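# Close look at the chain arrangement
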Amino acid sequence: MIIPKGPKLTDEQLEELTRILGDFGCRIQVIEGAVQNIYAILGDERHELLINRIEGLDYIDRVDTIQSPHKLLDARSELKNHKTIFGGIELGKNLLTIAGPCTIDPKNPNLFYETAEALKEVGVHALRGGVWKPRTNPYSYQGDDKALEILMEGASRTGLPVNTEVMDEGQLKLALEAGVNMLQIGTRNALNYSLLRQVGQSIAGKDTVVLLKRGRHIGPINEFISAAEYIVNFGNPNVMLCPRGTLPTLEGYRSHPDESITPLLKEKTWAPVVVDPSHSVGKAMYVEACSMAAIAYGSDGLCIEANIDPSKGLGDDPKQAITPKAFGALRNKCEAIWALRG
Ligand code: PEP
Ligand code: MN
């Protein structure tokens with residue numbers, strides 16, 4: 001990883017570096033940080049002659065050769081200084097909250113609009129709303145392009161940024177064209193490397209952010225972080241890691257809650273952690289406790305399913321969505337824990 005002296009390289013400097021790297025069979029990838037660009041070396045960067053030649057250039061500060069399976073996401077990477085900003089929140093400085101229904105019902109847009117307004121009133125920073133849904137049962141409601149319009153109308157009525165899950169290239173294109181601010185990669189696609197690559201390529205140079213859920217089959221922590229590396233290595237470092245519960249399920253809960261991996265993630269990577277308590281415990285009555293635990297463990301934010309009338313919602317809402325009022329109360333308790341954390 002090449003760290004320049006200034007905030008970014010000029011075109012001529014970039015050309016010179018590309019030429020030098022080419023001599024060693026390597027390529028360069030610009031990673032656009034909020035404060036400073038850094039330049040990833042694609043290929044074997046450990047060649048001593050290569051490092052010497054690059055470090056000899058007067059516009060280069062140094063070359064970092066971190067030995068890590070996820071060198072960009074590694075806690076020692078220069079990207080640790082990257083500031084991720086979303087919903088008016090700088091991640092890490094204040095608690096980020098994202099909330100909204102599991103699924104937007106295209107036949108009942110008002111349910112989404114009213115939920116969005118009520119959540120805004122209790123101070124949510126961003127809205128979530130499923131347009132296309134990964135459903136276990138092929139006969140269940142699978143989503144509808146029409147829900148994308150409703151999601152964006154909710155965004156414009158409230159002025160809040162929005163999150164939605166994409167599962168393929170077509171959905172990715174539609175979501176970006178519509179102006180979706182945060183793309184969600186769901187638990188089932190957390191290791192879909194072609195999708196991760198497509199997302200990385202499509203958001204390079206944009207301020208789009210990604211909420212990458214932890215795959216429910218993923219054990220090794222490096223596998224989760226490396227999935228994020230797939231996205232970031234195309235140039236946009238705005239990825240948040242989202243523990244959302246794993247398999248095997250814990251009897252009585254939907255998944256096996258995993259907010260407790262937050263300190264481990266924090267040790268290994270600089271990427272912000274945003275916990276999803278809803279899919280973790282899977283029942284509205286447990287969501288508050290799981291949210292508070294997540295903040296106690298060091299999470300930077302929460303992504304919660306909420307609906308003004310959960311019983312009328314589609315998908316997971318009847319079981320696990322909380323009301324905007326419950327969300328407000330939960331948020332206040334989480335803020336208190338955040339303050340205690342110091
Ligand atoms: C969702 O957010 O509604 C969802 C399907 O999430 P996950 O991929 O975590 O199951
Ligand atoms: Mn859901």
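Owing to the predicted nature of the structure, the values given are computational and were not obtained by experimental measurement.

## Topic: the overall build of the protein chain
- Helices and strands together make up the secondary structure of the protein chain, namely twelve helices and 14 strands.
- Relative to the 2.2 N^0.38 estimate, which gives 20 Å for 342 residues, the radius of gyration of the protein chain is 21 Å and therefore close to what a compact globule would have.
- By its C-alpha atoms, the protein chain is 65 × 40 × 35 Å across when sized along the principal axes.
- The buried share among the 342 residues of the protein chain stands at 49%.
- A fraction of 70% describes how many contacts in the protein chain between residues 6 or more apart in sequence connect residues 24 or more apart.

## Quick notes on the site of ligand 1
- In the vicinity of ligand 1, the contacting residues are C102, G130, P134, E165, G186, T187, R188, K213, R244, D276, H279 and D316.
- A breakdown of the residues in the shell around ligand 1 according to their chemical character gives two nonpolar, four polar and six charged.

## Structural notes on the confidence of the model for the protein chain
- When pLDDT is averaged along the protein chain, the result is 96; 100% of the residues meet or exceed 70.
- Mean pLDDT per element in the protein chain: strand β3 (residues 37-42) is the minimum at 92, and strand β13 (residues 274-275) is the maximum at 99.

## Considering the domain arrangement of the protein chain
- Its domain assignment divides the protein chain into domain 1 (2-65) and domain 2 (85-341).
- Summarising the inter-unit geometry, the C-alpha centres of domain 1 and domain 2 are found 35 Å apart.
- Counting residues at the interface gives six residues for domain 1, matched by six residues for domain 2.
- Considering every element that reaches the side of domain 1 that touches domain 2, the biggest residue donor is strand β2 (residues 27-32), with four residues.
- In the side of domain 1 that touches domain 2, the residues fall into three nonpolar, two polar and one charged.

## Regarding the sheet that holds strand β14 (residues 301-305)
- Read from one edge to the other, the open sheet built from eight strands follows the order β12-β11-β10-β9-β8-β7-β14-β13, with strand pairing classed as parallel. At either margin of the open sheet sits one strand with a lone partner, and together these are β12 (239-242) and β13.
- Inspection of the sheet shows strand β9 (residues 162-165) paired to strand β10 (residues 182-185) by three bridges, in the parallel sense. Bridging from a neighbouring strand, N163 pairs with M182 of β10.

## Comments concerning the environment of R157
- Tracing the backbone through its elements, the reader meets R157 in helix α4 (residues 146-158).
- In this structure, the C-alpha to C-alpha distance between R157 and G123, residues 34 residues apart in sequence, is 15 Å.
- Each residue touching R157, except ones within four places of it in the same chain, is listed here: Y113, A116 and E117.

## Topic: helix α12 (residues 324-341)
- Over its 18 residues, α12 runs 25 Å from end to end, which matches the ideal 26 Å to within 8%, given 1.5 Å per residue.
- Where the residues of α12 are buried, they touch β7 (96-100), α3 (109-121), α10 (284-296) and β14.
- At the exit of α12 stands G342, carrying a positive phi of roughly 75°.

## Thoughts on the pairing of β3
- Where β2 meets β3, six bridges bridge the pair, whose relative direction is antiparallel. What sits directly across from Q29, in β3, is A40.
- Taken together, β2 and the strand that follows it, β3, pair antiparallel across an intervening segment of four residues.

## Focus: the environment of L212
- Along the chain, L212 falls in strand β11 (residues 209-213).
- Of the residues examined, L212 has 26 C-beta atoms within 10 Å and is grouped as buried.
- In sequence terms L212 and S291 are 79 residues apart; their C-alpha atoms lie 18 Å from each other.
- Among residues more than four places away in sequence, those in contact with L212 are I185, A190, A227, A228, V239, M240, L241 and C242.

## Here we look at the packing of α3 against α4
- For the pair α3 and α4, interaxial distance at closest approach is 10 Å and the crossing angle is 35°. Note that α3 runs across α4; the crossing there is right-handed. On the side of α3, the interface is formed by P109, F112, Y113, A116, E117 and K120, while α4 contributes I150, G154, R157 and T158.
- Among the residues forming the contact of α3 with α4, the class breakdown is five nonpolar, two polar and three charged.

## Quick notes on the environment of N110
- Inspection of the secondary structure puts N110 in helix α3.
- With 10 C-beta atoms packed within 10 Å, N110 lands in the exposed category.
- For the pair N110 and G154, spaced 44 residues apart in the sequence, the C-alpha separation amounts to 9.4 Å.

## What to know about the packing of α10 against α12
- Close contact between α10 and α12 brings their axes to 9 Å; oriented N to C, the two are set at 20°. Here α10 is positioned roughly parallel relative to α12, judged by the angle of their axes. In the packing of α10 onto α12, the handedness of the crossing is right-handed. Judged by residue contacts, E288, S291, M292, I295 and A296 of α10 engage L330, K333, C334, I337 and W338 from α12.
- Residues of the contact of α10 with α12, tallied by class, amount to seven nonpolar, one polar and two charged.

About the criteria used
- Residues numbered from 1 in each chain as written.
- Chains lettered and ligands numbered in written order.
- Predicted model: local features only at pLDDT ≥ 70, side-chain atom pairs only at ≥ 80, totals over all residues.
- Helix = DSSP H or I, 4+ residues; strand = E, 2+ residues; numbered from the N terminus.
- Rg over C-alpha atoms; globule rule 2.2 N^0.38 Å.
- Buried ≥ 20, exposed ≤ 12 C-beta atoms within 10 Å, placed from the backbone.
- Contact = placed C-beta atoms within 7 Å.
- Near = placed C-beta within 6 Å.
- Nonpolar A, V, L, I, M, F, W, Y, C, P; charged D, E, K, R; others polar.
- pLDDT = per-residue confidence, 0-100.
- Domains from an automatic or database assignment.
- Pairing = 2+ DSSP bridges.
- Expected span 1.5 Å × (residues − 1).
- Axes fitted to C-alpha atoms, helices over the stretch in contact; angles between N-to-C directions.
- Left-handed = near helix turned anticlockwise from the far one by under 90°.
- Parallel < 35°, antiparallel > 145°, perpendicular 65-115°, else oblique.

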